[in-house]
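Now for the letters of each chain:
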Amino acid sequence: MGCYVIYGNEPWAIRKQKENFKLRCENPVYGYQEFDDPYAAQSFLCTFNLFTDQLYATLCVPDTKMISSKDYLQFMSGLKENKSKYLLVIVDKVTEKDRGISKIKEVATVILYSKTTAKDKLLRQQVDYIVKQQDAVIEPAAVDMLLDRLDYSNREETNLLTVENYIGQLKYLGDSITVDDVVRNTPDLREGKRFKIASMLAQGNIGQLLDEAERLKREKDFNAFGLLAILFKEYRVAYLSKLGYSVREQGAFSNTMGNMPVEKIVQGMNIIGAKLRDIKTGVYSEEEAFDITLTELVCLKEM
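Just so we're clear, the structure is a prediction, and the values are computed from it rather than from any experiment.

This next bit is on the environment of Ile 206. In this fold, Ile 206 is placed in helix H12 (residues 206-217). Accessibility expressed as a relative area gives 18% for Ile 206, which makes it buried. Distance in space between the C-alpha atoms of Ile 206 and Tyr 152 is 21 Å, their sequence separation being 54 residues. Filtering out sequence-adjacent residues up to four positions away, Ile 206 remains in contact with Val 298 and Glu 302.

With that settled, the discussion passes to the packing of helix H1 (residues 11-23) against helix H8 (residues 160-170). Two elements in contact, H1 and H8, have axes separated by 6 Å at closest approach and are oriented at 85°. In terms of orientation, H1 lies roughly perpendicular with respect to H8. Taken together, the residues of H8 that come into contact with H1 (itself represented by Pro 11, Trp 12 and Arg 15) are Leu 160, Leu 161 and Glu 164. Looking at the contact of H1 with H8, its residues break down into four nonpolar, no polar and two charged.

Okay, the pairing of strand E1 (residues 3-8) next. The two faces of a sheet get side chains in turn, since along a regular strand they alternate between them. Counting buried positions along E1 gives five out of six residues, so the element sits mostly inside the fold. As paired strands, E1 and strand E5 (residues 109-113) are joined by five bridges and run parallel to one another. When the bridges of E5 are listed, Tyr 4 appears paired with Thr 109.

Attention shifts here to H1. Compared with the 18 Å implied by 1.5 Å per residue over 13 residues, the 18 Å span of H1 between its first and last C-alpha is a close match. Those residues of H1 not exposed but buried are Trp 12, Ala 13, Ile 14, Lys 16 and Phe 21.

Right, let's get into the pattern of salt bridges. Considering all chains together, one arrives at nine salt bridges under this definition. Where salt bridges share partners, they join Arg 15, Lys 16, Glu 19 and Glu 164 into one cluster.

The next thing to look at is the packing of aromatic side chains. Evaluated as defined, the whole model comprises seven aromatic pairs. When the ring of Tyr 56 is compared with that of Tyr 86, the centres are 4.7 Å apart and the planes differ by 20°; the resulting orientation is stacked. Placement of Tyr 56 in strand E3 (residues 55-61) and of Tyr 86 in strand E4 (residues 85-91) is noted, with a sequence separation of 30 residues between them. With a relative accessible area of 3%, Tyr 56 lands in the buried category. Three or more aromatic residues joined by ring pairs form one cluster here, namely Phe 21, Tyr 56 and Tyr 86.

Moving on to the sheet that holds E1. What the five strands build is an open sheet, ordered E2-E3-E4-E1-E5; its pairing is parallel. The strands lining the two open edges of the sheet, one partner per strand, are strand E2 (32-35) and E5. Ignoring strand direction, the axes of neighbouring strands in this sheet form an average angle of 15°. Alignment of E3 against E4, held across seven bridges, turns out to be parallel. Bridge pairing in E4 links Leu 59 to Val 89. Lying over the sheet, helix H3 (residues 38-46) contacts E2, E3 and E4, oriented at roughly 175° with respect to E3.

Rules of the game
The residue numbering used here restarts from 1 in each chain and proceeds along that chain's sequence as written. Per-residue local features of the predicted model are confined to residues with pLDDT of at least 70, and side-chain atom pairs are confined, for both listing and counting, to 80 or more; whole-chain, interface and lining totals are unaffected and use all residues. The side-chain values count all of the structure's non-hydrogen atoms but skip hydrogen atoms and water molecules. Helix numbers and strand numbers start at the N terminus; a helix is a DSSP run of H or I with at least 4 residues, a strand a run of E with at least 2. Here the term buried applies to any residue with accessible area under 20% of the maximum for its type, exposed to any over 50%, and partly exposed to those in between, with areas from a 1.4 Å probe on protein chains only. Should any heavy atoms of two residues lie within 4.5 Å, those residues are considered in contact. Fitted lines through C-alpha atoms give the axes, limited to the stretch in contact for helices. The angle between two N-to-C directions lies from 0 to 180 degrees. Any angle between 65 and 115 degrees counts as roughly perpendicular, while under 35 counts as roughly parallel, over 145 as roughly antiparallel, and the rest as oblique. Each residue is assigned to one of three groups, with Ala, Val, Leu, Ile, Met, Phe, Trp, Tyr, Cys and Pro labelled nonpolar, Asp, Glu, Lys and Arg labelled charged, and all others, Gly among them, labelled polar. By definition, two strands form a pair when at least two bridges between them are found by DSSP. Multiply 1.5 Å by the residue count of a helix minus one, and that product is the helix's expected span. For this analysis, a salt bridge means a side-chain nitrogen from Lys or Arg found within 4 Å of a carboxyl oxygen belonging to Asp or Glu. Stacked, tilted and edge-to-face pairs are distinguished by plane angle, under 30 degrees for stacked and over 60 for edge-to-face with tilted covering the rest, among Phe, Tyr and Trp rings (Trp via its six-membered ring) whose centres lie within 6.5 Å.

This is the structure in structure tokens:
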């Protein structure tokens, strides 16, 4: 196959594929070029070259519209059996309803490079490769902490380029990058996730809710009382909204629990309020109260 089309939300993997594609060219000075115009790339590949038999072109396009026309699909199809001309197309954005990509799959090798979860083996291999390329040494636990603090699995803006950038900075702190190095020198991009506990609960995403709760409890600065107070506020905002007070009047930013029935909102407030009192009076520790509260709120949601 002489034509490859790649896209996805993991730019590091796409960049790596582009680099590998260029390395395949025996004479990149004369045989390799990059384009943003499909027909300029086509012209380059179809023109006789005195200096090399192999031609490689990388084409970057915003979407599939520019390469899914009938004549361009025919051109890409012609590259299938050609062993001297190769085209790599990098598509910036492909939507779920994109019909062009299905047509392109008939004439080209299409590869999706997407982000995975922080525990995925492929991701760990990619991070290991980055560490090796950076000539760095990092503790396995420090990798976990870095991916966690950068919120790799959940934050759209975080990708392996972000990870590569921080490893490149952290490697100068010592012989080996430690957990302490990561904690002291990288931003904690998970803070916003604290406020999403309420959203996960309201939407019924119980599995995600429990995973997020466990992750939060592993943090050194985990504050169960403060998190329960935030949850109580979310329920209170929803309750007052039911009474006719706008979110803005309450000084809040959103009404996460707004779709819940008022009786369940009141019950939720009572559950959280009781556990906050139990913490103050020593009935439960903060973490015990946090676990019991989430269990009761999940049961309330499922009723």
